[in-house]
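# Commentary on secondary and tertiary structure
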Amino acid sequence: IGLEKYDHDGLLRTFVMERTLWNQELGKKCMNLLLNYARDQGLKRLYLVTTVTQPFFTELGFVPIDLKELPSSLLETEPVKNSGVKSQIYVYYFVQ
């Protein structure tokens, strides 16, 4: 798992699990740990860029958004610049 912090915004760069260990419940547990960590770090929003629409992320509370809704600090990151037109952008809003 790779997470970058930009003030009160975070960018989830990577979320990789070995296929033999992957299952929906284990993935959710790992993501919930990450979300709790991000909240503890003072993040208000967590963004991710993916080349595939994943119901997995929406089930966790991520919402798809348009690229132009990203903060300018995130628009200049490599994952966003290299994402291509087919990528989906998701945001998770932390409830304060």
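Please refer to the structure placed before this passage.
Right, let's walk through the structure included here. All figures in this text were calculated on a predicted structure; none of them were measured in a lab. (Residues numbered from 1 in each chain as written. Predicted model: local features only at pLDDT ≥ 70, side-chain atom pairs only at ≥ 80, totals over all residues. Heavy atoms only, no water.)

## Description of the nonpolar core
Of all hydrophobic cores here, the largest spans 16 residues; its most connected members are L12, M31, L46, F62 and F94. Contributions of two or more residues to this core are made by α1 (24–40), β3 (45–50), α2 (55–59) and β5 (88–93). Residue contributions to this core peak at 4 residues, all from α1. The next biggest cluster of nonpolar side chains, apart from the first, holds 8 residues, and it includes I65, L70, L74 and V91. (Core = buried A, V, L, I, M, F, W, Y, C linked by side-chain atoms within 4.5 Å. Buried < 20%, exposed > 50% of the residue type's maximum accessible area, 1.4 Å probe, protein only. Helix = DSSP H or I, 4+ residues; strand = E, 2+ residues; numbered from the N terminus.)

## A closer look at the sheet that holds strand β2 (residues 9–14)
Here we have 5 strands laid out as an open sheet, ordered β1-β2-β3-β5-β4, and mixed in their pairing. Since the sheet does not close on itself, it has two edges, and those belong to β1 (2–6) and β4 (63–65), each with one partner. The average angle at which neighbouring strand axes cross in this sheet is 30°, direction not considered. Note that β4 and β5 share 3 bridges and pair antiparallel. Within the sheet, the bridge partner assigned to P64 lies in β5 and is Y90. Relative to the sheet, α1 contacts β1, β2, β3 and β5, its axis offset from that of β1 by approximately 20°. (Pairing = 2+ DSSP bridges. Axes fitted to C-alpha atoms, helices over the stretch in contact; angles between N-to-C directions. Contact = heavy atoms within 4.5 Å.)

Such coordinate-based values are descriptive only and should not be taken to indicate function.
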